[in-house]
Amino acid sequence: MGATIDRSNEERVRYEVGADLRVSNLSSFYARSSARLRESYGAIPGVGSVSVALRGRGSVGAGDGGEGFTYMGIESDTFDSWFRDDFSDKTLSELMAALRPVGPVEPLTIPDGATEIRLWVNPGKYFPLVFVWIVLQDSTGSTRTVTLERLGFPGWHMLSAELPDDLQPPLRVVSIQLNEPGYGAVGTVGHAVFDDLHVVIGATGEEVLLEGFEDDLAWTALPTSVIDSDELSLSSERVHSGDQAAVFDFGKETNRGVRGFYRASGGGGLPVIASSSFADSVGASGGSSLIVSLPGGLVPVEIIELVDYFPTVDPAGGGFLLFDLDTLVSYVDALNPLASTRVNELFLSTTDGNDEAVLSDVSGLLRNQGRVNGARAQLESLRTDPLVSAGWRAMVPGALGVILFTAGLGYVVYLWAIADHGAGEIGLLRSLGLSRLQVVGLVGLEHLLVAMIGLSVGAWAGFQMSRLTVSSVAVADGGGRVLPPFILTTEWSIMGPLYGALVAMFLVSLLTLGRHMLRVDLRRLSRMEG
C-alpha cells in the first residue's frame, strides 16, 4: 500500500504540472505574443525549452446551451510531457504527430511590393449593407482585416483596397468574409460569385493573380450553424475570366457576425484529440466531425484520436479537446482579427536540475500575474512529509517483522502438530512398503502444496485489501478523486526478500520434519498404536 500511495502522489504531481515547470493563469492584461514569451522565459538561466499553450472552456454546437468541455491548444511539434501508457493506445509522440495538419493547403502569398488587392464579385441581388473583407496574416502571425467595398449591385464589378504597410512581409490571404451589421441569425440570405483575386505591384503597376478559382477548390465555408451551414462551390456558368468561378451561397446565420470562406482543404475541420468522456457525452467517436463554440467563434473539428487522460487536463466536466496551437490560433484569428488570441500557459523544461533557481526567476518575471508550479519542489516535499511517504516507510520494518514472526510461528506450530499426530499415518505407509525417502517425498509434496496455496491466497487477499485501503486514502487535497487514477504497485525490493525469507523458513521446517520422520521407530510406533 505504501508503494502505491508513493507512486500515486508522484504521478499526481507530474500529471498536474506536465513538465519541469508549468506557468498557468497568465493574466489577459499581461498576455504577450508567443514569440515574446518564448524569448523572455527562454532567456532565464537553466531553462532548456519553452512550449506555449492555450487553455479555455467551450461548448458543443452553435449555441451557448451545448455540452461544455475544456479545450487546450498545444504546440504539437515541441510539446513534451510525462505520459503514462494507460492514458491512450498511442504514445505521446504518435498523438502529437497525428495532431499536426496533414497536407496543408499552399498559402496564398502576396508578392513583395504589392500595394493594392482586388477581387471581382457578382452578387445575386443588391446587398446595400454587406461589406467584403479580406483577412491577411503576416510573417509574425498577426492578422489584419482589409475592407474592400460594399458587395453592391448584381453584375460583375471589381472591389479593391490598399494593403497595409505596417505588417511584416510576406503577407498571405487567410479568408474572404462578408460583414453585415447585426449579430446572430439576422443576415441577408443570398449568394455571390467571386473570381480573380489579384494584387497590384506598386512600382510597375503589374497585376499578379493570386486565385482564379479554376482548379480544385482549396477553400471551405466558415461554419455558421450546426443544422444548415453556408456552401461554397465552383461554377462554370457565371465567370469573369477563365473557365470557373467560386459561388458562395449564404444564409441568415453568422459566425460572430461574419460569413465567408477560408483557405483549407477537404471538410476544413481542425484535427483534435478528444477524451473518451467527451466522446461519450456527445455520442461521437474517432473520425466524427462536429462544430464547437470557442471564445473566438464557431470552429469545425474532426476527432482523429481518443484518449482517456492527458496531463494537466481533467476528463470530468464534459471532457476535453486538444488542438494544435498554431492551427487553432490561425483559424480563430482569421474569424476575429481585431481580438488577437493570446496564449495563457507555458511548459518549461530545465537543463541543469537547478529547478529552485529557475522557479524563483520565473516567479519574479511573472510579478503575480500568473501561477507557477514546479514538479521537483513538490516531489521533494512529498518525500519528506511524515504524513505521506516518510510515515509509511517508517512502518515498513515493523510490519515486516510482524509478518515474519506470525507466519513463522503459525507454520512451526502447524508442523509440530503434524509431527505428533501424523506418526501413525507414517507407520501405515511404511508398513505398506514405502521407503523412508518415498514417505518424506510424499509428506514434502503435501506441505509444498499447502505452502503454495497459502502464499497464493494470502498474496491475492493482500492485493485486494491494498486496493480497498488505497482507494479510501488516495484522495486529492480537496477530497476529490485522484488524477490520474492510482495503479496498485508492489515494491518488490521489499516484498522479494520477504517472500524469500518465508520460503527459507518453509524449507528449514520441512527438512526438520523430514529428519524427524526418517528416525521414526516402527516397532515402538506399533506398540504405541496398539
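Sequence order as written defines residue numbering, which begins from 1 separately in each chain. The model is predicted, so local features are restricted to residues of pLDDT at least 70 and side-chain atom pairs to those at 80 or more, both for listing and for counting; the totals for chains, interfaces and linings are taken over all residues. Note that water and hydrogens are dropped before the side-chain values are worked out from all heavy atoms of the structure.

Okay, the confidence of the model for the chain next. Confidence per residue, as judged by the predictor, is encoded in pLDDT with a range of 0 to 100. Here the chain shows a mean pLDDT of 83. Residues at 70 or above account for 85%. Helix α12 (residues 522-529) is the least confidently modelled element of the chain, averaging 54 in pLDDT, while strand β5 (residues 114-123) averages 96, the highest of any element. For the purposes of this entry, the term helix denotes a DSSP run of H or I that reaches at least four residues, the term strand denotes a run of E that reaches at least two, and both are numbered from the N terminus.

A few words now on the environment of F278. Position of F278 among the secondary structure elements: in helix α4 (residues 276-282). Remark: the alpha-carbon pair of F278 and L306, spanning 28 residues in sequence, is separated by 9.2 Å. The residues touching F278, leaving out its near neighbours within four places in the chain, are V60, F69, L290, I303, G318, G319, F320 and L321. We call two residues contacting when some pair of their heavy atoms lies within 4.5 Å.

One speaks of a salt bridge when a side-chain nitrogen belonging to Lys or Arg is within 4 Å of a carboxyl oxygen belonging to Asp or Glu. Summed over the entire model, instances satisfying the criterion amount to 15 salt bridges. In this structure, the salt-bridge partner of E345 is R55, at a minimum N-O distance of 2.4 Å. Taken as a pair, E345 in strand β20 (residues 345-350) and R55 in strand β2 (residues 47-60) lie far apart in primary sequence, 290 residues in all. Side by side, E345 and R55 carry an identical accessibility label, which is buried. Across the pair D355 and R376 runs a salt bridge, and its minimum N-O distance is 3.8 Å. Highlighted residues: D355 in helix α6 (residues 355-366) and R376 in helix α7 (residues 375-384), separated in sequence by 21 residues. Each residue is placed in one exposure class: buried if its accessible area under a 1.4 Å probe, protein chains only, is under 20% of its type's maximum, exposed if it is over 50%, and partly exposed if it falls in between. Residue class for R376 comes out partly exposed when judged on its relative accessible area of 42%. Among the charged side chains, a salt-bridge network with shared partners connects R7, E11, R84 and D86.

A separate point is the packing of aromatic side chains. Each pair of aromatic rings taken from Phe, Tyr and Trp, with Trp reduced to its six-membered ring, is defined by centres within 6.5 Å and is described as stacked if the planes are under 30 degrees apart, edge-to-face if over 60, and tilted in the remaining cases. The tally for this structure, following the rule as stated, stands at 17 aromatic pairs. Ring geometry for F79 against F310: centres 5.8 Å apart, planes inclined by 25 degrees, an arrangement best described as stacked. Taken together, the positions of F79 in the loop between β3 (68-74) and α3 (92-99) and F310 in the loop between β18 (297-307) and β19 (320-324) put the pair 231 residues apart, joining distant regions of the chain. In this structure F79 comes out as buried when scored by relative accessible area, which is 6%.

A few words on the pairing of strand β7 (residues 143-152). Look at any regular strand and the pattern is simple: side chains alternate between the two faces of the sheet. Here a strand pair is declared whenever DSSP counts at least two bridges between the two strands. Examined bridge by bridge, strand β6 (residues 127-137) and β7 share seven bridges and lie antiparallel to one another. Bridge pairing in β7 links I134 to V146. Linkage of β6 to β7, two consecutive antiparallel strands, is achieved through a turn of five residues, within which G141 is found at a positive phi near 95 degrees.

Residues P169 and P170 are joined by a peptide bond in cis, for which omega reads 0 degrees. Residue position: P170 is located in the loop between β8 (157-162) and β9 (171-179). Even without being a glycine, D196 presents a positive backbone phi close to 50 degrees. Residue position: D196 is located in strand β10 (residues 190-201). Classification of D196 by relative accessible area gives buried; the value is 9%. Located in the positive-phi region is F213, a residue other than glycine, with phi close to 55 degrees. By secondary structure assignment, the location of F213 is in the loop between β11 (207-211) and β12 (219-221). Note on F213: relative accessible area 2%, which makes it buried.

Our next topic: a nonpolar patch on the surface. Exposure above 30% relative accessible area and the lack of any salt bridge qualify a residue for a patch; like charges then connect within 9 Å, and the nonpolar side chains Val, Leu, Ile, Met, Phe, Trp and Tyr within 5 Å. Using the Shrake-Rupley algorithm and a 1.4 Å probe, accessible areas are obtained, with residue cover drawn only from the displayed protein chains. A grouping of L445, L448, L449, M452, I453 and V457 is seen on the molecular surface, where their side chains present a nonpolar patch of about 560 Å² in accessible area. Here M452 is to be found in helix α10 (residues 436-473).

Time to look at the environment of R263. Assignment of secondary structure puts R263 in strand β15 (residues 258-263). N or O atoms within 3.5 Å of each other form a polar contact, as long as, within protein, one can give a hydrogen and the other can take it, and as long as residues adjacent in sequence are counted only when both atoms are side-chain atoms. Engagement of the side chain of R263 in a polar contact is seen with the side chain of E211, the distance being 3.0 Å.

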